[in-house]
Amino acid sequence: MAEPGTRAAEATADRGWRLRHLPVLLVASVLLAAAAAVAGGVTRGADGALGAAAGVAVTAFSYTLTTVVLAWADARDPQLVLPFGLGLYIAKMTLLAGLMVLVGASGWPGLIPFCLGIAAGVLVWTGVHIWWLATVHARRVHN
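Cut-offs and rules
- Residues numbered from 1 in each chain as written.
- Predicted model: local features only at pLDDT ≥ 70, side-chain atom pairs only at ≥ 80, totals over all residues.
- Heavy atoms only, no water.
- Helix = DSSP H or I, 4+ residues; strand = E, 2+ residues; numbered from the N terminus.
- Areas by Shrake-Rupley, 256 points an atom, 1.4 Å probe, with all protein chains shown as cover.
- Axes fitted to C-alpha atoms, helices over the stretch in contact; angles between N-to-C directions.
- Parallel < 35°, antiparallel > 145°, perpendicular 65-115°, else oblique.
- Left-handed = near helix turned anticlockwise from the far one by under 90°.
- Contact = heavy atoms within 4.5 Å.
- Nonpolar A, V, L, I, M, F, W, Y, C, P; charged D, E, K, R; others polar.
- Salt bridge = Lys/Arg side-chain N within 4 Å of Asp/Glu carboxyl O.
- Buried < 20%, exposed > 50% of the residue type's maximum accessible area, 1.4 Å probe, protein only.
- 1 Å grid on protein atoms, 1.4 Å probe; cavity = no way out; pocket = protein on both sides within 12 Å on 5 of 7 lines; lining within 4 Å.
- Points joined across faces, edges and corners; volume = space filled by probe spheres on them.
- Patch = residues over 30% accessible without salt bridge, like charges linked within 9 Å, V, L, I, M, F, W, Y side chains within 5 Å.
- Expected span 1.5 Å × (residues − 1).
- Bend = angle between axes of the 7 residues up to and from the residue.
- Core = buried A, V, L, I, M, F, W, Y, C linked by side-chain atoms within 4.5 Å.

(A) Structural view of the overall build of the protein. Tallying secondary structure elements over the protein gives four helices and zero strands in all. Traced from its N-terminal end to its C-terminal end, the protein shows the element sequence α-α-α-α. As presented, the protein carries roughly 8,900 Å² of accessible surface, and 74% of it is formed by carbon and sulfur atoms.

Spelled out as structure tokens, the structure:
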């Protein structure tokens, strides 16, 4: 077992650990957005392709913003993570709710693919993140 403070010292020496997983997640999101655009295009035409890809993009943007802001806050002072995390969550959910109301009220045919793109983005981002933690990160911790 490591001595108390050893992990903190290692984390300070390795500043990149907070964002190390981000490139893998972004690549997975880009691949999903392309697949979603194809699926949306086949089922609902151009509006479906745009909606599905935009839904994935909204999710990827949201999670990337959270990752970067929380990494920044944690690098400054770990006590900033909670207030920044909660504030960002409230802001993001407010913006997402407003976006969904506007898109829903517009009668846009890409609404359903947009919603499905958001759901698929959440599932893929979460799944790839779990995979990354269980394999790549676990190997780094044990070495």
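Still to come is the rest of the account.
(B) A look at the packing of helix 2 (residues 22-76) against helix 3 (residues 81-106). Running from N to C, helix 2 and helix 3 cross one another at 160°; their axes reach a closest spacing of 9 Å. What the angle tells us is that helix 2 and helix 3 run roughly antiparallel. Helix-helix and strand crossings are classified by hand; for helix 2 and helix 3 the assignment is right-handed. Across the interface between the two elements, V58, S62, L65, T66, V69, L70, W72, A73 and D74 of helix 2 pack against V81, F84, G85, L88, K92, L96 and L99 of helix 3. Residues that form the contact of helix 2 with helix 3 fall into these classes: 11 nonpolar, three polar and two charged.

(C) Focus on the pattern of salt bridges. Following the criterion strictly, the structure yields one salt bridge and no others. One salt bridge connects D74 with R18, and the closest N-O pair in it is separated by 2.9 Å. With D74 in helix 2 and R18 in the loop between helix 1 (6-13) and helix 2, this pair connects stretches of sequence that are 56 residues apart. Grouping residues by exposure puts D74 and R18 together as buried.

(D) Here's a closer look at the layout of surface pockets. Roughly 350 Å³ of internal volume is contained in the largest pocket. Lining of the largest pocket is provided by 16 residues; of these, V58, S62, K92, M93 and L96 occupy positions nearest its centre. For the lining of the largest pocket, the residue count by class is 11 nonpolar, four polar and one charged.

(E) Representation of the side chain of D74 in the model. On the accessibility criterion, D74 (18% relative accessible area) is buried. Aside from chain neighbours lying at most four places away, what touches D74 is W17, R18 and V81.

(F) Geometry of a nonpolar patch on the surface. Residues Y89, I90 and M93 make up a contiguous nonpolar surface patch of about 320 Å² in total accessible area. Relative to the helices and strands, Y89 is located in helix 3.

(G) Broad picture of helix 3. Between the first and last C-alpha of helix 3 there are 37 Å, a value that for 26 residues agrees with the 38 Å anticipated at 1.5 Å per step. By the burial criterion, the buried members of helix 3 are L88, K92 and V103. Immediately downstream of helix 3, the backbone of G107 shows phi near 75°, a positive value.

(H) Just helix 2, in detail. In this model helix 2 runs just 19 Å from its N-terminal to its C-terminal C-alpha over 55 residues, more than 12% under the 81 Å that 1.5 Å per residue would give. Within helix 2, the axis deviates most sharply at R44, by approximately 150°.

(I) Up close: the nonpolar core. Counting residues in each nonpolar core, the largest one holds six residues, listed as L22, L25, A28, A60, W125 and V128. Contributing elements (two or more residues each) for this core: helix 2 and helix 4 (111-142). For this core, the element with the highest residue contribution is helix 2, accounting for four residues. The residues touching W125, leaving out its near neighbours within four places in the chain, are L22, L25, L26, S29, A60, Y63 and T64. Grouped together as the second largest cluster of nonpolar side chains are five residues, A33, A36, A52 and V56 included.

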